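# Summary of structural features
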Amino acid sequence: MGVEIKETRVSDAEFEEMKAFVFEYLAASVEKEEEGGRMRWYPWHSAEYRHNHILNVVDLAEEIAREEGADVDVTRVAALFHDVAKLETDQELHAEAGARVAREYLESRADYPESFITQVCRAVEHHSYQGDLNDVALETQCLIEADLLDKIGANGTALMLLRMGYEARTHMDADEMVERVLERGYDAAARVESDTAESIAHQRLKRVKWFREWLEDEIAALGD
């Protein structure tokens with residue numbers, strides 16, 4: 001018996017349309033907030049930042065899915081919708097709300113199989129799961145791992161340093177902020193299950209460690 005060849009369910013054009021929809025949805029979520037929404041005064045809680053985070057997670061999730069044998073289409077579409085409701089819903093409710101948005105979009109735009117829609121929505125709904133990643137579907141695991149990984153490394157460090165400015169802190173506090181990124185990275189590395197995600201986590205941790213060493217070399221009193 002020959003190996004079954006699966007055709008891609010989502011074309012590049014369809015995926016680009018999904019990207020545009022997600023950004024427009026995020027932007028509309030901000031606009032309809034009378035008081036600016038949850039922590040919207042931090043730039044990384046803007047529609048632009050949230051969309052960039054989503055695209056980062058899409059790239060990471062797709063890489064992990066390809067290497068680990070997960071369904072790439074399910075994984076990348078779920079990654080695209082995972083935070084679509086983040087700016088209009090409380091943290092503990094955004095995953096479930098995002099799954100509803102994903103289902104409404106997928107059911108209305110093209111003739112996607114119900115099994116595909118269900119898998120995508122399940123991954124979105126469960127992407128905030130805090131338990132053992134061996135207990136979830138592989139596509140959900142890839143999404144959760146990607147979401148964790150985007151918060152560490154060079155990107156996580158840049159965001160922490162940006163936060164210093166909004167908290168009126170000086171560069172003398174940089175080592176404390178970088179240490180937070182490292183702690184988050186160690187937690188992520190301990191939680192991921194796939195070999196691919198673990199490799200990415202350790203690579204990103206190395207970058208943060210190098211940056212911390214450079215800070216200690218160049219700023220007096222750091223590391224004493």
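Below or above, wherever it landed, is the structure these notes cover. All of these numbers come straight from a predicted model, not from anything done at the bench.

### Description of the environment of tyrosine 112
Along the chain, tyrosine 112 turns up in the loop between α4 (94-109) and α5 (114-125). The class for tyrosine 112 is buried, based on a relative accessible area of 9%. Polar contacts involving the side chain of tyrosine 112 include one to the side chain of glutamate 14, which spans 3.2 Å.

### Describing helix α2 (residues 47-68)
In an α-helix, one turn spans 3.6 residues; hence positions three or four apart end up facing the same way. With 22 residues, α2 extends 31 Å between its outermost C-alpha atoms, agreeing within 8% with the 32 Å of an ideal straight helix rising 1.5 Å per residue. After α2 finishes, the residue glycine 69 shows a positive phi value of roughly 85°.

### Notes on helix α9 (residues 195-218)
Taking 1.5 Å per residue as the helical rise, α9 with its 24 residues ought to reach 34 Å, and the 35 Å between its terminal C-alpha atoms agrees with that figure. Three or more residues of α9 are buried, namely Thr196, Ala197, Ile200, Ala201, Arg204, Leu205, Val208 and Leu215.

### Description of the side chain of histidine 53
Following the sequence through the fold, histidine 53 ends up in helix α2. In terms of polar contacts, histidine 53 uses its side chain to reach the side chain of histidine 82, at 3.4 Å. A distance of 3.4 Å separates a polar atom in the side chain of histidine 53 from a polar atom in the side chain of aspartate 83. Filtering out sequence-adjacent residues up to four positions away, histidine 53 remains in contact with His82, Asp83, Asp147, Asp150 and Lys151.

### Overview of a negative patch on the surface
There is a patch of like negative charges on the surface, built from Asp132, Asp135, Glu193, Asp195 and Glu198. In this fold, aspartate 135 is placed in the loop between α5 and α6 (138-149). Exposure remark for aspartate 135: the relative accessible area of 56% places this residue in the exposed category.

### A look at the packing of helix α3 (residues 72-81) against α6
Interaxial distance between α3 and α6 falls to 9 Å at its minimum, and their mutual angle equals 45°. Classified by the angle their axes make, α3 and α6 are oblique. Every pair of crossing elements has a handedness; the one defined by α3 and α6 is right-handed. Seen from α3, the contacting residues are Val74, Thr75, Ala78 and Ala79; seen from α6, they are Glu139, Cys142 and Leu143. Taken together, the residues that form the contact of α3 with α6 break down as five nonpolar, one polar and one charged.

### Quick word on the packing of helix α8 (residues 174-191) against α9
In contact at an axis separation of 10 Å, α8 and α9 are set at 165° when each is read in the N-to-C sense. On the basis of their axis angle, the class for α8 and α9 is roughly antiparallel. The handedness of the crossing between α8 and α9 is left-handed. On α9, the residues that touch Ala174, Val178, Glu179, Val181, Leu182, Gly185, Tyr186 and Ala189 of α8 are Ala201, His202, Leu205, Val208, Lys209, Phe211, Arg212 and Leu215.

### Some thoughts on the packing of aromatic side chains
What the rule picks out here adds up to five aromatic pairs. Taking 5.9 Å as the distance between ring centres and 45° as the angle between the ring planes, the aromatic pair formed by phenylalanine 21 and tyrosine 25 counts as tilted. Here the residue phenylalanine 21 and the residue tyrosine 25 both occupy positions in helix α1 (residues 12-31), the gap between them amounting to four residues, near one helical turn. Here tyrosine 112 and phenylalanine 116 contribute two aromatic rings whose centre-to-centre distance is 5.6 Å and whose plane-to-plane angle is 40°, an arrangement assigned as tilted. For phenylalanine 116, a relative accessible area of 0% translates into the label buried. Of the aromatic side chains, those joined through ring pairs into one cluster are Phe21, Tyr25, Phe81 and Tyr105. Above the face of the phenylalanine 15 ring, arginine 76 is positioned so that its terminal group lies 4.3 Å from the ring centre.

### A closer look at the side chain of threonine 157
With respect to the helices and strands, threonine 157 occurs in helix α7 (residues 153-166). Judged by relative accessible area, which is 6%, threonine 157 ranks as buried. Apart from the residues within four sequence positions on either side, threonine 157 is in contact with Val178, Val181, Val208 and Phe211.

Quick notes on the rules
- Residues numbered from 1 in each chain as written.
- Predicted model: local features only at pLDDT ≥ 70, side-chain atom pairs only at ≥ 80, totals over all residues.
- Heavy atoms only, no water.
- Helix = DSSP H or I, 4+ residues; strand = E, 2+ residues; numbered from the N terminus.
- Buried < 20%, exposed > 50% of the residue type's maximum accessible area, 1.4 Å probe, protein only.
- Polar contact = N/O pair within 3.5 Å; in protein donor to acceptor, adjacent residues only side chain to side chain.
- Expected span 1.5 Å × (residues − 1).
- Contact = heavy atoms within 4.5 Å.
- Patch = residues over 30% accessible without salt bridge, like charges linked within 9 Å, V, L, I, M, F, W, Y side chains within 5 Å.
- Areas by Shrake-Rupley, 256 points an atom, 1.4 Å probe, with all protein chains shown as cover.
- Salt bridge = Lys/Arg side-chain N within 4 Å of Asp/Glu carboxyl O.
- Lys, Arg positive; Asp, Glu negative; His and termini not counted.
- Charge placed at Lys NZ, Arg CZ, Asp CG, Glu CD.
- Axes fitted to C-alpha atoms, helices over the stretch in contact; angles between N-to-C directions.
- Parallel < 35°, antiparallel > 145°, perpendicular 65-115°, else oblique.
- Left-handed = near helix turned anticlockwise from the far one by under 90°.
- Nonpolar A, V, L, I, M, F, W, Y, C, P; charged D, E, K, R; others polar.
- Phe/Tyr/Trp six-rings, centres within 6.5 Å; stacked < 30°, edge-to-face > 60°.
- Lys NZ or Arg CZ within 6 Å of the ring centre and 35° of its normal.

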